[in-house]
Amino acid sequence: MSSLSPSPEALRGERAILTGCLLDSGIWVIVLVAALWGNSLTLMGEVIRGGLLILLEYVLLGMLRRINRGAMSDYDYGTSKLEQFANFLVGVAMMLGALWLMAGLIQRVGVPQQQSTAGMTFGAASGLLNLAINMSVFALLWRAGRGGTSIIVNGQILARLSKTISSALVALAVIVNAIAGPEGIGAWADLFGTAVVVVVMLTFGGRMIGSALPHLIDRALGERQQATINRVLAGNFEAYDELLSVRTRTQGSDAWIEIEVGFARQRPMGEVTTMADAIAAEIRALMPGAHVLVIPRAVPG
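Structure report, in brief. Only a predicted model underlies this, so the values are computations on that prediction, with no experimental measurement involved.

## Structural notes on the overall build of the protein
Working step 1: Each helix and strand in the protein was counted, giving eight helices and three strands.
Working step 2: For the protein, the N- to C-terminal ordering of α and β elements is α-α-α-α-α-α-α-β-β-α-β.
Working step 3: Across the 301 residues that make up the protein, the buried fraction comes to 46%.
Working step 4: Excluding contacts between residues fewer than 6 apart, the proportion of contacts in the protein whose partners are at least 24 apart in sequence is 77%.
Working step 5: Surface summary for the protein: the accessible area is close to 15,000 Å², and the carbon and sulfur share equals 65%.

Right, here's the structure in full:
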């Protein structure tokens, strides 16, 4: 098993996610106490959503550390699919949590609730602290992932953005609930805060699933990229004798292109190899970062 030294950029990403995991774990306990003490459905929504994402954050962090140190070299085509699958799980967890909260919200409509004044005051303070933590960690992730290519770090930036937006509205709702009490405006504020959490979770969960799913099913490259490949093959039409197949797919954020071209049996191997390499190099020049494999096949002259 190979062992690599992580780059400074990779280490910044790891530290940002680790900082988020530790801070999230601490505030999760505080918000759980506040939710139970104050009987706040809004805060309980934050507990459910946050708990699911904290577990996944630790899984993602462990995966990222292994990737950065070359401990997952058994995957010939890279680990991008694993990273996309992890982000897919984050999205699914968000959607399931949102459905649970929606059921709780419906059950509370028009039903008076008993809420502790001290518990709600503590809940308002924990909501503001949660917002401050999310803003700080989002800033760390943004700086660590700026210009980077790690799918895990980029996925965590999106997830943290959803947390920051949600926690801001949640903090506002809990503060109104704490000031106005468990009835009237206060009760509606609690329901509003819960609805905000549901909407944010559904929106960002759906976006994460939608962005990961095409990569998990090996989607072919887009029309523009296919057109680029076709132009290169047409421009080199005289170099080969037959075009046998063109297969493309996305692997995470990477493009994989496999082309089979036929050469007459009597043509020298050196000439055939040179031509195949030239075609591959031309495609790579037009599509930076693409993995291109041109396979020569012998065909009747």
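Still to come is the rest of the account.
## Topic: a nonpolar patch on the surface
Working step 1: Where nonpolar side chains cluster on the molecular surface, the patch consists of Val 29, Ile 30, Val 33, Trp 37, Phe 122 and Leu 129 and spans about 490 Å² of accessible area.
Working step 2: Only α1 (8–38) and α4 (117–145) provide two or more residues apiece to the nonpolar patch.
Working step 3: No other element matches the four residues that α1 contributes to the nonpolar patch.
Working step 4: Following the sequence through the fold, Leu 129 ends up in helix α4.

## Quick notes on the packing of aromatic side chains
Working step 1: Applying the stated criterion across every chain, the model contains four aromatic pairs.
Working step 2: Taking the centre distance of 5.6 Å and the plane angle of 40° together, the rings of Trp 37 and Phe 122 count as tilted. In this pair, Trp 37 is assigned in helix α1 and Phe 122 in helix α4, connecting sequence segments 85 residues apart.
Working step 3: Consider the rings of Phe 85 and Phe 88, whose centres lie 6.3 Å apart with planes at 20°: the pair is stacked. With a gap of three residues between them, Phe 85 and Phe 88 both fall in helix α3 (residues 80–108), about one helical turn apart.

## Side note on the nonpolar core
Generally speaking, soluble globular proteins have nonpolar side chains that are buried together.
Working step 1: By size, the foremost hydrophobic cluster in this structure holds 39 residues, and its most contacted members are Ile 17, Leu 43, Val 90, Met 94, Leu 141, Val 174 and Met 201.
Working step 2: For this core, the elements supplying multiple residues, two or more each, are α1, α2 (41–68), α3, α4, α5 (151–180) and α6 (185–216).
Working step 3: Broken down by element, this core gets its largest block of residues, nine residues, from α2.
Working step 4: Ignoring sequence-local partners within four residues, the contact set of Val 174 consists of Ser 40, Thr 42, Leu 43, Met 120, Gly 123 and Ala 124.
Working step 5: Ranked by size, the runner-up nonpolar core spans 19 residues in total, among them Leu 221, Tyr 240, Ala 255 and Ile 259.

## Examining the packing of α1 against α2
Working step 1: Viewed as axis vectors pointing N to C, α1 and α2 meet at an angle of 160°, and their least axial separation amounts to 9 Å. On the basis of the axis angle, α1 is roughly antiparallel to α2. For the pair α1 and α2, the crossing hand works out as left-handed.
Working step 2: Here the contact of α1 with α2 is built from residues that sort into 18 nonpolar, six polar and five charged.

## A few points about the environment of Met 120
Working step 1: Residue position: Met 120 is located in helix α4.
Working step 2: For Met 120, a relative accessible area of 3% translates into the label buried.
Working step 3: Residues Met 120 and Ile 179, spaced 59 residues apart in sequence, show a C-alpha to C-alpha distance of 8.5 Å.
Working step 4: Excluding its chain neighbours within four sequence positions, the residues that come into contact with Met 120 are Gly 38, Ser 40, Gln 115, Val 174, Asn 177 and Ala 178.

## Quick look at the pairing of strand β2 (residues 254–264)
Working step 1: Here β2 lies mainly inside the structure; nine of its 11 residues are buried.
Working step 2: Note: β2 against strand β3 (residues 291–299), nine bridges, orientation parallel. Within the sheet, the bridge partner assigned to Ile 259 lies in β3 and is Val 294.
Working step 3: Between the parallel elements β2 and β3, the chain passes through helix α8 (residues 269–286) in a crossover that is right-handed.

## Quick word on the packing of helix α7 (residues 223–235) against α8
Working step 1: Viewed as axis vectors pointing N to C, α7 and α8 meet at an angle of 145°, and their least axial separation amounts to 10 Å. The chirality of how α7 crosses α8 is right-handed. Of the residues in α8, those in contact with Thr 228, Ile 229, Val 232 and Leu 233 of α7 are Ile 279, Glu 282, Ile 283 and Leu 286.
Working step 2: Of the residues assigned to the contact of α7 with α8, the class counts are six nonpolar, one polar and one charged.

## Looking at the pattern of salt bridges
Working step 1: Inspection of every chain in the model, using the stated rule, returns eight salt bridges.
Working step 2: Among the salt bridges present, the one from Arg 247 reaches Glu 260, with a minimum N-O distance of 3.0 Å. Here Arg 247 is found in strand β1 (residues 242–251), whereas its partner Glu 260 is found in strand β2, with 13 residues between them in sequence.
Working step 3: Take Glu 260: its relative accessible area is 15%, and that puts it in the buried class.
Working step 4: Overlapping salt bridges bring together Arg 247, Glu 258, Glu 260 and Arg 297 as one network.

The rules behind each value
Residues numbered from 1 in each chain as written. Predicted model: local features only at pLDDT ≥ 70, side-chain atom pairs only at ≥ 80, totals over all residues. Heavy atoms only, no water. Helix = DSSP H or I, 4+ residues; strand = E, 2+ residues; numbered from the N terminus. Buried < 20%, exposed > 50% of the residue type's maximum accessible area, 1.4 Å probe, protein only. Contact = heavy atoms within 4.5 Å. Areas by Shrake-Rupley, 256 points an atom, 1.4 Å probe, with all protein chains shown as cover. Patch = residues over 30% accessible without salt bridge, like charges linked within 9 Å, V, L, I, M, F, W, Y side chains within 5 Å. Salt bridge = Lys/Arg side-chain N within 4 Å of Asp/Glu carboxyl O. Phe/Tyr/Trp six-rings, centres within 6.5 Å; stacked < 30°, edge-to-face > 60°. Core = buried A, V, L, I, M, F, W, Y, C linked by side-chain atoms within 4.5 Å. Axes fitted to C-alpha atoms, helices over the stretch in contact; angles between N-to-C directions. Parallel < 35°, antiparallel > 145°, perpendicular 65-115°, else oblique. Left-handed = near helix turned anticlockwise from the far one by under 90°. Nonpolar A, V, L, I, M, F, W, Y, C, P; charged D, E, K, R; others polar. Pairing = 2+ DSSP bridges. Right-handed = clockwise from strand over helix to strand, strands pointing away.

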